[in-house]
Amino acid sequence: AKQKGKNNYQFYTPDMNFTTFENLVLENKLYNALEKNELELYYQPQVDLNTGQIIGMEALIRWVNPELGFISPAKFIPIAEETGLIIPIGEWTLRSACKQNKLWQDMGFNPMRVAVNISAYQFQQEDFVEKVRQILNETGLDPKWLEIEITESIAIKNVDFTVRTLRKFKDMGIKVSIDDFGTGFSSLAYLKNFKIDALKIDYSFVKDIGINSENESIIKAIIMLAKNLKLNVIAEGVETKEQLKFLKHQECNESQGYLFSKPVPSREFEKLLIRNNVF
Ligand code: C2E
Ligand code: CA
Ligand code: CA
Ligand code: CA
């Protein structure tokens, strides 16, 4: 690498690739996104495959910037993680999801879980459990209606801390699911030490139902594993009736995907709830 003289500082250098520059722009705008009200939560229903009823929902963050337009969370969440912005954003997400869920319960809809994605960095903050407790107190949501979604990557970083934290959530009555299950590198051994409630089968397996028998085998294995460990199992990214049929046949408990509904704003979700409560 070239040594930089003290007058050589530049905001943009030709050897910086476009992605880096684009990320700087995003980072800059993301700093203000919260206070400018540019973030919104969408909700996607989770359907009980035995009853066909909506029994939960996943909150998914959306960012629309007036200049940049819609920015995918797959793009800005990693930036939020790198910059630490995931802490205030994650807190906002938790609070909004709990508040909205409580509101729906107060409106008289059947109570249901709301699942919130928690990034590893957020989960590893010393005060994370206290934050969650505070948000539940503040919003009045019963902890049993909150589910946090974490990924296997959390398990590798600091096992003792993770075990302790998950036990605290269990004691509080909060549900925990492992997102994107089967795509990480962790060993299965952690499953018996971690107090979790559900496994979420990743879209990358579900999309291959009827196409790739190896991925079908992985799905069967995950469902069997969940059953043996007495965990709930949720398949995500279900788009076709064929996939649904396969999952039902394998006795998967729950599904989520475009077949039922895309993630939608709260007002739209309410319409789904009205249908769900009527029929
Ligand atoms: P994820 O948690 O695995 O969420 C599932 C993604 O699959 C969502 O993408 C959802 O919109 C999409 N999806 C749902 N059903 C289908 C389907 O039938 N077909 C297909 N092709 N896709 C489907 P989204 O909303 O773009 O979110 C992408 C990722 O960003 C999420 O993946 C999650 O890792 C992250 N994310 C989203 N919201 C938050 C948040 O509030 N906090 C954190 N930390 N991460 C979030
Ligand atoms: Ca998720
Ligand atoms: Ca997922
Ligand atoms: Ca995913």
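- Under an unreviewed UniProt entry, the name given to the chain is Diguanylate cyclase (GGDEF) domain-containing protein, and the organism recorded is Tepidibacter thalassicus DSM 15285.

## With respect to the overall build of the chain
Part 1: Helix and strand counts for the chain stand at 12 helices and 10 strands.
Part 2: In terms of overall size, the chain behaves like a compact globule, its C-alpha atoms giving a radius of gyration of 20 Å where 279 residues would be expected to give roughly 19 Å.
Part 3: Each principal axis of the C-alpha atoms in the chain carries an extent, and together these give about 70 × 45 × 40 Å.
Part 4: Looking at the chain residue by residue over its 279 residues, the buried ones come to 46%.
Part 5: Expressed as a percentage of contacts within the chain between residues at least 6 apart in sequence, the contacts between residues at least 24 apart total 68%.
Part 6: Averaging the positions of the 34 positive and the 37 negative side-chain charges in the chain gives two centres separated by 2 Å.

## Let's talk about helix H7 (residues 159-172)
Quick reminder: α-helices carry 3.6 residues per turn. Residues three or four places apart thus point the same way.
Part 1: Here H7 is 14 residues long and its end C-alpha atoms lie 20 Å apart, about the 20 Å a rise of 1.5 Å per residue gives.
Part 2: Turning to H7, its buried residues number three or more, namely Phe 161, Thr 162, Val 163, Thr 165, Leu 166, Phe 169 and Met 172.
Part 3: Elements in contact with the buried residues of H7: helix H4 (120-123), helix H5 (128-139), strand S5 (146-151), helix H6 (153-157), strand S6 (175-181) and helix H8 (190-193).
Part 4: Looking one or two residues past H7, Gly 173 carries a phi angle of roughly 95°, positive in sign.

## Things to note about the packing of H5 against H7
Relative placement of two packed helices is described by the angle separating their axes and the distance separating the axes.
Part 1: Viewed as axis vectors pointing N to C, H5 and H7 meet at an angle of 20°, and their least axial separation amounts to 10 Å. One finds that H5 runs roughly parallel with respect to H7. Helix-helix and strand crossings are classified by hand; for H5 and H7 the assignment is right-handed. Mapping the contact onto sequence places Phe 128, Val 129, Val 132, Arg 133 and Leu 136 in H5 and Thr 165, Lys 168, Phe 169 and Met 172 in H7.

## Comments concerning the site of ligand 1
Part 1: In the vicinity of ligand 1, 20 residues are found, and the nearest of them are Gln 44, Arg 62, Asp 179, Glu 239 and Tyr 258.
Part 2: Within the side chain of Glu 58, a nitrogen or oxygen atom sits 3.3 Å from an oxygen atom of ligand 1.
Part 3: With respect to ligand 1, the side chain of Asp 179 contributes an N or O atom lying 3.0 Å from an oxygen atom.
Part 4: Contributions of two or more residues to the shell around ligand 1 are made by strand S2 (54-65), helix H2 (73-83) and S6.
Part 5: Of the residues forming the shell around ligand 1, the biggest block, four residues, is contributed by S2.
Part 6: Each residue belonging to the shell around ligand 1 can be placed in one class, and the counts come to eight nonpolar, six polar and six charged.

## Re the coordination of the calcium ion (ligand 2)
Part 1: Surrounding the calcium ion (ligand 2) are the protein donor atoms Glu 58 (OE), Asn 117 (OD1), Glu 149 (OE) and Asp 179 (OD), which sit 2.1 to 2.3 Å from the metal.
Part 2: Motif for the calcium ion (ligand 2), donor spacing along one chain: E-x58-N-x31-E-x29-D.
Part 3: Exposure remark for Asn 117: the relative accessible area of 30% places this residue in the partly exposed category.

Conventions and cut-offs
Residues numbered from 1 in each chain as written. Chains lettered and ligands numbered in written order. Predicted model: local features only at pLDDT ≥ 70, side-chain atom pairs only at ≥ 80, totals over all residues. Heavy atoms only, no water. Helix = DSSP H or I, 4+ residues; strand = E, 2+ residues; numbered from the N terminus. Rg over C-alpha atoms; globule rule 2.2 N^0.38 Å. Buried < 20%, exposed > 50% of the residue type's maximum accessible area, 1.4 Å probe, protein only. Contact = heavy atoms within 4.5 Å. Lys, Arg positive; Asp, Glu negative; His and termini not counted. Charge placed at Lys NZ, Arg CZ, Asp CG, Glu CD. Expected span 1.5 Å × (residues − 1). Axes fitted to C-alpha atoms, helices over the stretch in contact; angles between N-to-C directions. Parallel < 35°, antiparallel > 145°, perpendicular 65-115°, else oblique. Left-handed = near helix turned anticlockwise from the far one by under 90°. Near = heavy atom within 4 Å. Polar contact = N/O pair within 3.5 Å; in protein donor to acceptor, adjacent residues only side chain to side chain. Nonpolar A, V, L, I, M, F, W, Y, C, P; charged D, E, K, R; others polar. Donors = N, O, S within 2.8 Å, 3.2 Å for Na, K, Ca; no water.

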